[in-house]
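# Residue-level structural notes
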Amino acid sequence: MSIGKAGRVLIIEDEKKISDIVALYLEREGFRTVVADSGDKALKLINEPFDLIVLDLMLPDIQGEELCKAVRETSDVPIIMVTAKSGEDDRIKGLGIGADDYVVKPFSPRELVARVKAHLRRTKKTSGKRLGFNGGVLIIDAENMDVKKRGVAVVLTPTEFRLLMALAEKPGRVLSRLQLINMVQGYDFEGYDRTVDAHIKNLRHKIEPDQKEPVFIKTIYGVGYKFTGIPDED
């Protein structure tokens, strides 16, 4: 495969040894890579067209969390965080501000490449399915990965969209957290319980009329979640 055909990846990492290795492994798989070794350089690049961003949270000038927020203001590009913070709370915080995935240093470059590929496979457009719920209150356009609430576009991250689709395609069915993470990420994921909870919290914030009284995604305590929107008639 020639370099670039698999997609364009922005690597935001200040440790040259790590960025060189990540770039090497990605380019071997056909990706074209761009490296930013500081937050300032990354800010100048984030509005360029990238298929995915690999983001180190510990940068010398700008916190990675701030960069993640800046990206999410204008883009739903998949973001994989790379962090030396091993605490689960730190990682969940990153997911809460819009990251799709995380790997903890030290990590296997092969594992990172596998995750990059998994996310990009799942962000490709799907069949022309269009789902409507509660009399058009919530509309999901699977082909274009678009969501509207009362006619207003809702910006979801790729992971949030896949999670919503996994639930909405099975209205009324209870799905465990493990089932959801396998459906959404496609591989074993450390700390999946809180990972799913973090994404559900973000999703509810964006699609629910009232997060305290959700009408679309209900928690089934001790089990998982259920989509309770009422499908519109064709």
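Structural notes, computed from the coordinates. For every chain, the first residue of the written sequence is number 1, and numbering continues from 1 along that sequence. This being a predicted model, a pLDDT of at least 70 is required before a residue's local features are given, and a value of 80 or more before pairs of side-chain atoms are given or counted; all residues contribute to the totals for chains, interfaces and linings. The basis for every side-chain value is the complete set of non-hydrogen atoms in the structure, without hydrogens or water.

On to the sheet that holds strand β2 (residues 31-36). For sheets, the rule is that strands pair by backbone hydrogen bonds, running either parallel or antiparallel. Paired strands are those between which DSSP finds at least two bridges. Runs of H or I in DSSP of at least four residues are treated as helices and runs of E of at least two as strands, each being numbered from the N terminus. What the five strands build is an open sheet, ordered β2-β1-β3-β4-β5; its pairing is parallel. Of all the strands in the sheet, the pair left with one neighbour each is β2 and β5 (101-104). Strand after strand, the sheet turns through a mean of 20 degrees between neighbouring axes, direction not considered. Strand direction decides the pairing type here: strand β1 (residues 7-12) and strand β3 (residues 52-56), joined by four bridges, are parallel. Along β3, the bridge assignment pairs L10 with I53. Docked against the sheet, helix α1 (residues 16-28) engages β1 and β2, running at close to 165 degrees with respect to β2. Only the contacting stretch of a helix is used when fitting its axis, a line to C-alpha atoms as for every element, and angles between N-to-C directions run 0 to 180 degrees. Residues are treated as being in contact if the distance between any of their heavy atoms lies within 4.5 Å.

The strand order across the open sheet built from three strands is β10-β12-β11, with neighbouring strands paired in antiparallel fashion. Either end of the sheet is taken by a strand with one partner, and the two such strands are β10 (174-176) and β11 (217-220). The mean angle between the axes of side-by-side strands here comes to 30 degrees, regardless of whether they run parallel or antiparallel. Bridge count between β10 and strand β12 (residues 224-227): three bridges; the pairing is antiparallel. Bridge assignment links V174 to a residue of β12, and that residue is K226.

Partly exposed residues are those whose accessible area sits between 20% and 50% of the maximum for their type, while under 20% is buried and over 50% is exposed, using a 1.4 Å probe and protein chains only. The buried fraction of β1 is high, at six of six residues. The side-chain alternation of β1 yields two buried faces, one formed by G7, V9 and I11 and the other by R8, L10 and I12. Alignment of β1 against β2, held across six bridges, turns out to be parallel. Residue pairing for β2: L10 is matched across the bridge by V34.

This paragraph deals with the packing of aromatic side chains. Pairing of aromatic side chains requires ring centres within 6.5 Å, counting the rings of Phe and Tyr and the six-membered ring of Trp. Pairs whose planes differ by under 30 degrees are stacked, by over 60 edge-to-face, and all others tilted. If you walk through the whole model with that rule in mind, you get two aromatic pairs. Aromatic pair F133 and F227: ring centres 4.7 Å apart, planes at 65 degrees, arrangement edge-to-face. With F133 in strand β6 (residues 130-133) and F227 in strand β12, this residue pair connects regions lying 94 residues apart in the sequence. Taken as a pair, F133 and F227 share a single burial class, namely buried. Judged by centre distance (6.1 Å) and plane angle (25 degrees), the ring pair of F216 and F227 falls under stacked. Pair noted here: F216 is in the loop between α8 (192-207) and β11 and F227 is in strand β12, with a separation of eleven residues, a long-range link. On the basis of relative accessible area, F216 is assigned to the buried category, the value being 0%. Its relative accessible area of 1% is what places F227 among the buried residues.

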